[in-house]
Structures are given as C-alpha cells and as structure tokens.
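One-letter residues, chain by chain:
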Amino acid sequence: MSGNNTSSFDPKRGTATTLLGSISRFAYNSDRIDAEAVPASAPSRVSTRGLTRQCSSRSIKREAVDPDTDDAQQPNEGPDTSAVRNAPKKRKKSVPGSKVVLFPELDTISDSLAPNLICVFIGINPGVQTSITGHAYAHRSNWFWKLLYSSACVDRLLPPRYDQELPRLFSLGLTNLVSRPTANQAQLSVQEKEEGVPILAEKIRVQKPESICFVGKDIWKIFHKIYFGVAMDEKEFQFGWQKLRGTTTNMRITGLLSSRKNPSDVKLEDLDLAPHLIKSENGTDVWEGALVFVSFSTSGLVSFSPEFKRQTWVELGVYVNERRAARGELSPKEAFDVTTQE
C-alpha cells in the first residue's frame, strides 16, 4: 500500500475498493435518516423528560392567555416565552350588580348622627363583621379607626364600639349609602346604590353637617351621578376636598337634589345656591351646605401605602381641629376612659 489511495480487497464482493471509497459509504444521506441517530456533537444519552414537561407547561400558558393566537397553535417552537410572559392577562370585567347576594340573617346597623356635626363619614354599606358586632368598620383589617386617630380627628385609638359615641364626644358622625349588609360592595345592585342617594341627601339636608367625607371614591361617583345628574370627571378627580371645576372654591352639598346639570360646568356666580341657604332655628346663622371630602375606601384590600393613607386623612384632620377651635370645643368634649367605658 502506498500514498493516500490505499486499496483493499472486499472478499464478499470480490472487488477491490479504495479506502476513501469505503469511508464514503458512511457519508450523511438525508434519505437514510436513522430515527434513533444522535448528532455527533450531542452526548450519547440525551434525556428529553424535562424539556417535554417544560414545553407542555408553556403550551398550557399560551392557550390560557389567548387560544386564538399563533403562539397557542405552536407550543414547541422554542424556549423563548417572553411574548407569553409579557402578554396582558385577559380578565373578565365584573359587571356592577352582577353578583348580588342577599344576607337575610344579617342585621343593619344604626347611623351615628346628630345636628350640626363637624364631619359625617359616609361608607358604602355595612360589612359582615360590622353587622355581626353592630358597630361600624368592625373588621380588624379595616383602616377607618386607625386613620381617624392618626389624622387627629380623635385624640386616641378607639375600638368600633365607640361608633355611637362619636357625635357626643367628637362632633363626628357615621352613615352609609346603603343600609343592607353584604360581604363586599360587588354584592350590591346598582339600583339600590342609586336609590340610596336621595336618602343620604335628605340626611345631609336635615342634619346640616359642616362637612361630609365619602369613605370610598365609588361612593362619591354614584352620589355625584344621581345628585348632579352627570358622571364625575375621572380625569380631574383627586382625593381630598372637592373643588368647583376651574376654581379653588370648595364644593358644597346642601342635600337638595339638583334639577340642573353638574354645577361645575357653570360659572361660580351662576350657581343656584342662594335658594338653598337654610337658616338655623334661631334665625341668625346660615348653613351654606356641607363641604365635600373624598377618601379611598378604608378596606384592608385597598393597596395604597400606609403613608399615603395617613397623609390623605391628615388634611381632613387639620380641618376638623380648626373647626373645633372655632366652635370652642375640646377633643373629646368630655372626659372618658376608653379602657373601661362600654
């Protein structure tokens, strides 16, 4: 044998072949693919167990996002699932009033009201724990009593059982848009919330508080729609004192349902407030209506930071204490011991 063209004798074929010719018989041919062949660069044993499981879960995720997308039809195209991770989740929007649930075994609670209070807090409706205990904002996760104290609206942290004592001790009051208790406000119908507006407006007109605080933006939205006859401007909304549009003047609520559209849409001098001014019993003082403060819901499910919650309520607390000083009242108006008094 000499050179590179080394020959050999094939006894089976009875012919001589070159070494290169023999090797060529093992060259790759796309028409003769062995189903169990493994690429030369791969290890001799390749486990596909984890890969199969991974692709399967990705396929499920794709179909859960949108079964009509191309990605859902091709789950095994590759390991890149960034499009699936970044795709917005499709959630069914809850239709207001679509989950109405009746709780005949739950009792309503009493309002905590009196004439000429500094502020009346307005909730959406009593919760289950509130109904069971008979006291407002009774669930331990609710922030109402904590915020009432941290904002200095009261001088100490009160337990819910003091709800009926707020008018007498602090010139503060409590009421709700709807009296029927539920586990959450989604279980209220739109109709009963709208029907609660004129009832609430009448309470305001009769009791004549200096200010009212809606404990939840949604309560203010439904009240605004029925009271003014037009939807609240979502883009302009801010928590805190509500202003007349385009002015720095605080909005006032007299409790008399308006036949005109939103007073924010007309000039300040054209506001039909003069006929709504109500004289007090002695005929000297004039009640111009209640200022409007809007807070977030104090439910523990609300995700605002504790600091944001506290700062929002501090603004209300400043007003409450200014009015106390102007009225010559103390906080509380009479001494009591929160640890022993029931």
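Residues numbered from 1 in each chain as written. Predicted model: local features only at pLDDT ≥ 70, side-chain atom pairs only at ≥ 80, totals over all residues. Heavy atoms only, no water.

With that out of the way, let us pick up the overall build of the protein chain. When helices and strands are tallied, the protein chain shows ten helices and ten strands. Out of the 342 residues belonging to the protein chain, those deemed buried represent 35%. Taking as baseline every contact in the protein chain between residues at least 6 positions apart, the subset at least 24 positions apart corresponds to 69%. Surface exposure of the protein chain reaches about 21,300 Å², of which carbon and sulfur atoms provide 52%. (Helix = DSSP H or I, 4+ residues; strand = E, 2+ residues; numbered from the N terminus. Buried < 20%, exposed > 50% of the residue type's maximum accessible area, 1.4 Å probe, protein only. Contact = heavy atoms within 4.5 Å. Areas by Shrake-Rupley, 256 points an atom, 1.4 Å probe, with all protein chains shown as cover.)

Turning our attention to unusual backbone geometry. The omega torsion across Ser331 and Pro332 is 0°, close enough to zero to call that bond cis. Among the structural elements, Pro332 can be located in the segment after α10 (306-327). Residues other than glycine seldom take positive phi values, yet Ala152 does so here, at roughly 70°. Counting through the fold element by element, Ala152 comes out in the loop between α6 (144-150) and α7 (166-170). Its relative accessible area of 34% is what places Ala152 among the partly exposed residues. At Lys208, a position not held by glycine, the phi torsion is positive, near 50°. As for its placement among the helices and strands, Lys208 is situated in the loop between α8 (190-207) and β5 (211-215).

Burial analysis of β5 places five of its five residues in the buried class, which makes it a mostly covered element. Where strand β3 (residues 119-123) and β5 come together, three bridges link them in parallel fashion. Across the sheet, residue Ile122 finds its bridge partner in β5, namely Phe214. (Pairing = 2+ DSSP bridges.)

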